[in-house]
Amino acid sequence: ELIRAYWNIQECSTDACKFANQDSWTNDINCNTWSVADNAASYGVYCRAVNGIGFVNEFLRQTEENKLESRGCDASMIARVNSLRAEARFIRALQYYYLIDVFGDSPFITEDSPVGAFSPEMKSRSYIFDYIESELKDLVSDSSAMPDARSNYPRADKGAVWGLLSRLYLNAEIFNSTVDASGNVVSKGEPRWADCKKACEE
């Protein structure tokens, strides 16, 4: 659902694709009159991404090393789970990328956030950009438990991390723009073309 909704917003709002069916929300996207209100695709991106981030956060809470040890996991199992934790962090960064790409500002939660009913703090697109960048740079570092590129097919690995970093840097100028209360761009952010090129080469 997340990928389908994201694709609908990304592609069907351009001349690259048009809907043939006449669901209530497809004409809005075809004609670029859609908003976050009453649109199944934008609702799908938002709900599925935030929900997925919540799942990742809970996985990270439940797989802390002390919890694994208390549950009788040996060193080899802990090492394997650490690799899965790295993949989960990548998935969370990807879902935050979808949110800043489609909506800009976003609610922000991590594994350190409270559990249960609470209203997460809204963070700026630029704040979440920095968070995503920090997570991804950590995941491609030599000390990361993230599997090496081309070693974890069909799941995420360092190649996927570099790919997402390249997309993040490609759009850095917009993601780090200053906007007014109406959403109009007041000033653009710093371009990151050299970082994008390096990520693509990696």
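Residues numbered from 1 in each chain as written. Predicted model: local features only at pLDDT ≥ 70, side-chain atom pairs only at ≥ 80, totals over all residues. Heavy atoms only, no water.

S.K.: How should I be thinking about the environment of S143 in this particular structure?
M.R.: Mapped onto the fold, S143 is located in the loop between helix 6 (125–139) and helix 7 (158–170). Between the alpha carbons of S143 and A86 there is a distance of 11 Å; along the sequence they are 57 residues apart. (Helix = DSSP H or I, 4+ residues; strand = E, 2+ residues; numbered from the N terminus.)

S.K.: Just to check I follow, could you spell out the side chain of N8 for this structure?
M.R.: Looking at the element boundaries, N8 is found in helix 1 (residues 2–11). You can call N8 buried: its relative accessible area is 5%. (Buried < 20%, exposed > 50% of the residue type's maximum accessible area, 1.4 Å probe, protein only.)

S.K.: Is there a simple way to think about unusual backbone geometry in this case?
M.R.: Leave glycine aside and you will find that most residues have negative phi; peptide bonds, for their part, are mostly trans. A cis amide bond links Y153 with the next residue in sequence, P154, at an omega value of 5°. As for its placement among the helices and strands, P154 is situated in the loop between helix 6 and helix 7. Positive phi values are uncommon outside glycine, yet R150 reaches one of about 65°. Locating R150 in the fold gives a position in the loop between helix 6 and helix 7. Residue classification places R150 among the exposed residues on the basis of a relative accessible area of 83%.

S.K.: Where do I start with the nonpolar core in this structure?
M.R.: Nonpolar side chains in soluble globular proteins tend to be buried together. Residues F90, Y96, Y97, I132, L136, L165 and L168 are the most contacted members of the largest nonpolar core, which totals 43 residues. Breaking this core down by element, the ones donating at least two residues are helix 1, helix 3 (40–62), helix 5 (75–102), helix 6, helix 7, helix 8 (172–175) and helix 9 (193–201). The biggest single contributor to this core is helix 5, with 9 residues. Apart from the residues lying within four places of it in its own chain, the contact partners of L168 are Y97, I100, F129, I132, E133 and F175. (Core = buried A, V, L, I, M, F, W, Y, C linked by side-chain atoms within 4.5 Å. Contact = heavy atoms within 4.5 Å.)

S.K.: Can you walk me through the pattern of salt bridges in this structure?
M.R.: Two side chains bearing opposite charge may form a pair once their charged atoms approach each other closely. Throughout the structure, instances matching the rule amount to 13 salt bridges. Of the charged contacts in the structure, one is a salt bridge between R92 and E111, with a shortest N-O distance of 2.6 Å. In this pair, R92 is assigned in helix 5 and E111 in the loop between strand 1 (106–107) and strand 2 (122–123), connecting sequence segments 19 residues apart. Between K123 and E121 there is a salt bridge; the shortest N-O distance is 3.4 Å. What makes K123 buried here is its relative accessible area of 18%. Note on E121: relative accessible area 51%, which makes it exposed. In this structure, a network of salt bridges that share partners links the residues R89, R92, E111, E135 and D138. (Salt bridge = Lys/Arg side-chain N within 4 Å of Asp/Glu carboxyl O.)

S.K.: Quick question: what am I supposed to make of the packing of helix 3 against helix 5 here?
M.R.: For any two helices packed against each other, the geometry comes down to the angle between their axes and how far apart the axes lie. Across the interface, helix 3 lies against helix 5 with an axial gap of 9 Å and an inter-helix angle of 155°. Considered as vectors, helix 3 and helix 5 are oriented roughly antiparallel to each other. Taken as a pair, helix 3 and helix 5 cross one another with a handedness that is left-handed. Within the contact between the two elements, helix 3 uses V45, Y46, R48, A49, V50, G52, I53, V56, N57, F59 and L60 and helix 5 uses L84, R85, A88, R89, I91, R92, Q95, Y96, L99 and V102. Here the residues of the contact of helix 3 with helix 5 are counted per class, giving 14 nonpolar, 3 polar and 4 charged. (Axes fitted to C-alpha atoms, helices over the stretch in contact; angles between N-to-C directions. Parallel < 35°, antiparallel > 145°, perpendicular 65-115°, else oblique. Left-handed = near helix turned anticlockwise from the far one by under 90°. Nonpolar A, V, L, I, M, F, W, Y, C, P; charged D, E, K, R; others polar.)

S.K.: Any chance you could explain helix 7 here in plain terms?
M.R.: Along an α-helix, residues three or four positions apart point the same way, because every turn accommodates 3.6 residues. Compared with an ideal rise of 1.5 Å per residue, which puts 13 residues at 18 Å, helix 7 spans 18 Å between its outermost C-alpha atoms and is within 8% of the ideal. For helix 7, the complete set of buried residues consists of K158, V161, W162, L164, L165, S166, L168 and Y169. Lining the buried residues of helix 7 we find helix 5, helix 6, helix 8 and helix 9. (Expected span 1.5 Å × (residues − 1).)

S.K.: I would appreciate a short explanation of the packing of aromatic side chains in the present structure.
M.R.: Geometry of an aromatic ring pair is reported as the spacing of the ring centres plus the angle between the planes. One pass over the structure, following the stated rule, counts 9 aromatic pairs. On the basis of an interplanar angle of 85° and a centroid distance of 5.6 Å, the ring pair of Y46 and F103 is categorised as edge-to-face. With Y46 in helix 3 and F103 in the loop between helix 5 and strand 1, this residue pair connects regions lying 57 residues apart in the sequence. Exposure remark for F103: the relative accessible area of 25% places this residue in the partly exposed category. Aromatic side chains Y97 and Y98 sit 6.5 Å apart centroid to centroid with 65° between the ring planes, which places their arrangement in the edge-to-face category. A residue is classified by how much of its surface remains accessible, and Y97, at 1% relative accessible area, is buried. The exposure class assigned to Y98 is buried, which follows from its relative accessible area of 9%. (Phe/Tyr/Trp six-rings, centres within 6.5 Å; stacked < 30°, edge-to-face > 60°.)

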